[in-house]
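Summary of structural features
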Amino acid sequence: MSISDAPRFAWRGLRLDTSRHYYPVRTITSTLDAMAAAKLNVLMWHIIDGQSFPLVSELYPELSAKGAYCPQCVYSPDAVRSVVEHARMLGIRVHAEIDVPGHSGFGYGRPDLIACPKFEAFRGAGRAFDPTQDATYAFLKAFLLETAALFPEPTLNLNGDEVQFECWASNPRVAAWASAHNLSYPELEQHFWTRMNEPGGVVRALTAAGKTMVVAEGSNPKEGSVNLSKSGFPSDTIAEVWGDATLSSGIKRVLSTYPTARAIVGGPYYLDVMNPYQPGEPAAAKVVYAWMDSWATFYQAEPFADPSLTAAEKARVLGGVAEMWSERLDATSVASFIWPRALAVAERLWSPADFLLDPNATAPRMARAACQVLERRGVRGGAVEPGFCPWSLDWE
């Protein structure tokens, strides 16, 4: 018997958000075990955000001392290294994500660097760095270099999405600076990224340390996003695409706008999205009774669905990521939201584009995988369809 199998994409990720809720290290390592079984190979660790700051910095210990939910709700450098090593032994890379300039949890420990340290939009995620201070860039350079050294993975995610311009407008000094320099708030954000990419600046230092930048590329004019060409990012920067569930936009726009950038796809694979509907359907079609059915939407989201993508453009798509944002999930519930639905994303990123796109035909195989691949390993996931799995009863 001969079996020939290989992944279609090199980047098959799962993003885990440990800011909205803190996850103990054992929750992260058990997630890594399940990822390995599903052949997902990149943990995208959204380690901090506006809600909390659990990452311990030896240079700036006040960040987690004042920003973590509790004294025990932190990831020390040794804890980070233990996660990285656990992942390495499973063939998984751990990719760190430190969101700037928005979604900033830095204000708990360093309110002097934040334009609106008490701004409550998005329950605190609307806070943003003050882009007018030289001290902002000096701090970020030191902190990000320290963080980069913790993660051997040669990428670092600065994200850059959803900057709430109301934050900057609420600060009289920042607003006056922008007005004096004749800058709109989108242009002020562009100023931030230009400063980040200036010679001797933050991005140049990270590149010299061996890191390739990853950023979120969006197109919402009411919220901030990164313009790679105007910001001076290195030509090998990776853009995470926030397209819709059918990918009718997003990938093509990014790849055609930035002819040297590479891309990963995140938009259609939000595991915290409950209802399996497509954009444009009537509201009544959004009502479903089994949230687990949403795996079918992920399964059908083909990265290369746009027929206008050229072979050269497809070659620049590294893969995708299943997004597990944690606003309403904690360590007791997160596994049931990730699994088995992330299996659908894993297969879409592993198998050929024309491989079995019909969810009805796939459901029995998904159910078997949920039982034999996950529950047999003790993963407390959900069910795909009515049936019986002997390992689901063997928890005691």
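To be clear, the structure that these remarks concern was listed above.
To keep things clear, this report deals only with the structure shown in the data block. Along each chain, residue indices are assigned from 1 in the same order as the chain's sequence is written. In keeping with the model being predicted, local features are shown solely for residues with a pLDDT of at least 70 and side-chain atom pairs are shown and tallied solely at 80 or more, while totals for entire chains, interfaces and linings include all residues. Calculated side-chain values reflect all of the structure's heavy atoms, with hydrogen atoms and water omitted.

1. Things to note about the overall build of the protein chain
Secondary structure elements follow DSSP: runs of H or I of four or more residues count as helices, runs of E of two or more count as strands, with numbering from the N terminus. Of the regular secondary structure elements, the protein chain holds 15 helices and eight strands. Each residue is placed in one exposure class: buried if its accessible area under a 1.4 Å probe, protein chains only, is under 20% of its type's maximum, exposed if it is over 50%, and partly exposed if it falls in between. Relative to its 396 residues, the protein chain shows a buried fraction of 54%. Computed by Shrake-Rupley with a 1.4 Å probe, the accessible areas treat only the displayed protein chains as cover when residues are assessed. About 16,700 Å² of surface is accessible on the protein chain, with carbon and sulfur atoms providing 56% of the total.

2. Observations regarding the state of the cysteines
The disulfide criterion used throughout: a pair of cysteine sulfur atoms within 2.5 Å. The final tally for this structure, using the stated rule, is three disulfides. Here Cys 70 engages in a disulfide with Cys 73; their sulfurs sit 2.2 Å apart. Looking down the S-S bond of the Cys 70 and Cys 73 bridge, the torsion is 85°, so its handedness is right-handed. Taking relative accessible area as the criterion, Cys 70 reaches 23% and is therefore assigned partly exposed. When the bonded cysteines of the protein chain are counted from the start of the sequence, the pairing works out to 1-2, 3-4, 5-6.

3. As for the nonpolar core
Only buried residues count toward a nonpolar core. Its members are Ala, Val, Leu, Ile, Met, Phe, Trp, Tyr and Cys residues joined through side-chain atoms within 4.5 Å. In this structure, Phe 106, Phe 143, Leu 144, Leu 158, Met 196 and Trp 339 are the most contacted members of the largest nonpolar core, which totals 93 residues. Here the element with the most residues in this core is helix α4 (residues 134-150); it accounts for seven residues. When checking whether two residues touch, look at their non-hydrogen atoms; a contact exists if any pair is within 4.5 Å. When sequence neighbours within four positions are dropped, the list of residues in contact with Leu 158 reads Ile 98, Asp 99, Val 100, Leu 144, Trp 193, Met 196, Val 203, Met 213, Val 214 and Val 215. Among the nonpolar cores identified, the runner-up in size contains eleven residues, and Ala 115, Phe 165, Cys 167 and Val 174 belong to it.

4. Section: the packing of α4 against helix α7 (residues 185-196)
Note on geometry: axes are C-alpha line fits, over the in-contact stretch for helices, and angles between N-to-C directions span 0 to 180 degrees. Between α4 and α7, the least distance of the axes is 11 Å, while the angle of their chain directions is 50°. With respect to each other, α4 and α7 are oriented oblique. The handedness of the crossing between α4 and α7 is right-handed. Of the residues in α7, those in contact with Asp 134, Thr 136, Tyr 137, Leu 140 and Leu 144 of α4 are His 191, Phe 192, Arg 195 and Met 196. We call two directions roughly parallel when the angle between them is under 35 degrees, roughly antiparallel when it is over 145, roughly perpendicular when it lies between 65 and 115, and oblique otherwise. Note: crossing handedness is left-handed where the near helix turns anticlockwise from the far helix by less than a right angle, and right-handed where it turns clockwise.

5. Some points on the side chain of Asn 197
Within the secondary structure, Asn 197 sits in the loop between α7 and α8 (202-208). Polar side-chain contacts of Asn 197 include one of 3.2 Å to the backbone oxygen of Ser 231. In this structure Asn 197 touches Val 203, Arg 204, Ser 231, Gly 232, Phe 233 and Pro 234, once residues within four positions along its chain are discounted. Here a polar contact is taken to be a pair of N or O atoms separated by no more than 3.5 Å, where protein atoms must pair a possible hydrogen donor with a possible acceptor and residues adjacent in sequence count only if both atoms sit in side chains.

6. Description of the sheet that holds strand β6 (residues 238-241)
A barrel is described by the order of its strands in space; here eight strands give the closed sequence β1-β2-β3-β4-β5-β6-β7-β8, paired in parallel fashion. Across this sheet, the average inter-strand angle for adjacent strands is 30°, counted without regard to direction. Two strands make a pair as long as DSSP finds a minimum of two bridges between them. Alignment of strand β2 (residues 42-46) against strand β3 (residues 93-97), held across five bridges, turns out to be parallel. Paired with Met 44 across the strands is His 95, a residue of β3.

7. Concerning the side chain of Arg 127
Looking at the element boundaries, Arg 127 is found in the loop between β3 and α4. Only 3.1 Å separates the side chain of Arg 127 from the side chain of Tyr 108, close enough to count as a polar contact.

8. So, the pairing of β2
A regular strand places its side chains on the two faces of the sheet in alternate fashion. Of all five residues in β2, five are buried, a share of seventy percent or more. The two faces of β2 match: Val 42, Met 44 and His 46 on one face and Leu 43 and Trp 45 on the other face are all buried. Across five bridges, strand β1 (residues 11-17) lies against β2 in parallel orientation. Following the sheet pairing, Leu 14 is matched in β2 by Leu 43. Viewed along the sheet, the connection from β1 through helix α1 (residues 25-37) into β2 turns out right-handed. Seen with its strands pointing away from the viewer, a crossover is right-handed if its path from the first strand over the helix to the second goes clockwise.

9. Some words on the packing of aromatic side chains
Between 30 and 60 degrees the pair is tilted, below 30 it is stacked and above 60 it is edge-to-face, where a pair is any two Phe, Tyr or Trp rings, Trp via its six-membered ring, whose centres lie within 6.5 Å. All chains considered together, the criterion is met by 18 aromatic pairs. Site record: aromatic cluster; members linked through ring pairs are Phe 53, Tyr 60, Phe 106, Phe 129, Phe 139 and Phe 143. A ring has a charge above it when a Lys NZ or an Arg CZ is no more than 6 Å from the ring centre and no more than 35 degrees off the ring normal. Residue placement shows Lys 39 over the ring face of Trp 350; its charged tip is 4.4 Å from the ring centre.

10. Description of α4
Taking 1.5 Å per residue as the helical rise, α4 with its 17 residues ought to reach 24 Å, and the 25 Å between its terminal C-alpha atoms agrees with that figure. The inward-facing, buried residues of α4 contact α2 (62-67), α3 (77-89), β4 (155-159), α7 and α8. By this rule the span expected of a helix is its residue count minus one, scaled by 1.5 Å.

11. Remarks on the pattern of salt bridges
Any carboxyl oxygen of Asp or Glu that lies within 4 Å of a side-chain nitrogen of Lys or Arg is treated as forming a salt bridge with it. Per the stated rule, a full pass over the model turns up 17 salt bridges. Between Asp 78 and Arg 81 there is a salt bridge whose closest N-O contact spans 2.9 Å. Of this pair, Asp 78 and Arg 81 both sit in helix α3, three residues apart, roughly one helical turn. For the salt bridge of Asp 112 with Arg 110, the shortest nitrogen-to-oxygen distance reads 2.8 Å.

12. Describing the packing of helix α14 (residues 341-350) against helix α15 (residues 359-374)
Running from N to C, α14 and α15 cross one another at 105°; their axes reach a closest spacing of 10 Å. Compared by their axis directions, α14 and α15 come out roughly perpendicular. Each of Leu 343, Ala 344 and Glu 347 in α14 lies in contact with α15, whose residues at this interface are Arg 365, Met 366, Ala 369, Ala 370 and Leu 374. Here the residues of the contact of α14 with α15 sort into six nonpolar, no polar and two charged. Each residue is assigned to one of three groups, with Ala, Val, Leu, Ile, Met, Phe, Trp, Tyr, Cys and Pro labelled nonpolar, Asp, Glu, Lys and Arg labelled charged, and all others, Gly among them, labelled polar.

13. Description of the pairing of strand β5 (residues 212-217)
Among the six residues of β5, six are classified as buried, and the element is accordingly described as predominantly covered. Of the two faces of β5, the one holding Thr 212, Val 214 and Ala 216 and the one holding Met 213, Val 215 and Glu 217 are both buried throughout. Relative to β5, β4 is paired through four bridges, and the arrangement is parallel. When the sheet's bridge partners are listed, Asn 157 is paired in β5 with Val 214. Bridge analysis of β5 against β6 gives four bridges, and the strand direction is parallel. The partner of Glu 217 across the bridge, within β6, is Val 241.

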